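# An overview of the molecular structure
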Amino acid sequence: MKIRISQLVDSLQPDDIFLEEKPFDRTAAVKGEVYRRICWQAAEQPVKKRRTLGRLPLAAAIALICLATTAAAAVTVHLHPAILDYFGVGQGQESLVEPGADSPVCSVTKNGVTISVLQTVADSYGVYVFYEVTVPEEITLPGWVTWDNYDIEPTRASDAFFCSQNQEILEISDYHMVGAVTLFSASKQVEKGPITVSFRDLGYYDENWDFVPLAQGQWNLTWTLHTIQPCTTSHPNQMVQTGNGPATINTIAISSISFNLISDGAKLSEEPISLQFADGSTLPVDMTSAEGTLGSVVSHMTDVETERYTCQVSNLFDNAIDPAQVTAVVIGETVLPFPG
């Protein structure tokens, strides 16, 4: 199931927002509240067999197969300033994100608009593609510019039952912008291999939420994803008590940019989950947290009579963390040492 956030923003009303204490704001909703709400909707969908995911039409597109540099262990990828800011990485903390970073050489031009991949950052459960766009002088980019459609297809992860995509514009001027598109997979891990990002029609939404194109066409960029930051993984196989009954925590995987948990038994959708750090600080990583992460709980029913579920809790950190400093994962009132 692919959730396209930009297509669902306008359908949600203030009463639909998961965190009701926050005022409804469309800009904030795209990044936070709508993301959580959409993930909740996806979690309630019945399990389906794999189906073909929606793709942009390729017949009229100009595709470009790009080169990619391999980020070998001895090579340090210097992160673009916009990426450091995106992950909340300060001076001296670049090493938190660099293990998952790569700098492919990939660019395509069509109708005067050039899109170039700046860098990628990936771990086992998500891929961030940072890119820049330059437009001709006859086009002036407004502050609320966006794509009418976009798509990201890395190896395996996009075949998952549940995966979501998001886009953000990080920097913008009259003729240049820097953006990010993200694929977040809750049930299949990302693997090294071909990756394609497609953009269609650059423009903006007017006061009636009708799309106004500034540059029409489709831009496809394809290269090889070489670098993925591995998660620190623990298999506690420990039972915890939740408000819905007992659940066994099978797997916990944490990288500098994401938290992932797989359980069996009762649903974890309402259970508070947080990380404990060596310095005594904590970070909430459940969907109900107001800040710190974006994420989802996806539940697959495995036994109708006993209401048994396999649950996948997955979150993307607003600010990169050091997994080596995580000492425990707290689920409800149960403290699970990490990595165990």
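Report follows, based on the coordinates. (Residues numbered from 1 in each chain as written. Predicted model: local features only at pLDDT ≥ 70, side-chain atom pairs only at ≥ 80, totals over all residues. Heavy atoms only, no water.)

For the rest of this paragraph, the subject is the overall build of the protein chain. When you go through the protein chain residue by residue, the secondary structure sums to four helices and 21 strands. A total of 340 residues make up the protein chain; the buried ones form 54% of that total. Within the protein chain, residue pairs in contact and separated by at least 24 positions form 67% of the contacts whose partners lie at least 6 positions apart. For the protein chain, the exposed area adds up to about 15,200 Å²; of that, 50% sits on carbon and sulfur atoms. (Helix = DSSP H or I, 4+ residues; strand = E, 2+ residues; numbered from the N terminus. Buried < 20%, exposed > 50% of the residue type's maximum accessible area, 1.4 Å probe, protein only. Contact = heavy atoms within 4.5 Å. Areas by Shrake-Rupley, 256 points an atom, 1.4 Å probe, with all protein chains shown as cover.)

With that settled, the discussion passes to the pattern of salt bridges. One pass over the structure, following the stated rule, counts one salt bridge. Across the salt bridge formed by Asp 264 and Arg 308, the nearest N and O atoms sit 2.5 Å from each other. Taken together, the residues span a long stretch of sequence, with Asp 264 in strand E15 (residues 258–265) and Arg 308 in strand E19 (residues 308–317) at a distance of 44 residues. A relative accessible area of 19% means that Asp 264 is categorised as buried. (Salt bridge = Lys/Arg side-chain N within 4 Å of Asp/Glu carboxyl O.)

Cis geometry marks the peptide bond from Phe 338 to Pro 339, where omega comes out at 0°. The backbone phi angle of Asn 111 is positive, close to 55°, even though this residue is not glycine. With respect to the secondary-structure elements, Asn 111 resides in the loop between strand E4 (107–110) and strand E5 (113–123). For Asn 111, a relative accessible area of 52% gives the class exposed. You will see that Trp 209, though not glycine, has its phi angle at about 60°, which is positive.

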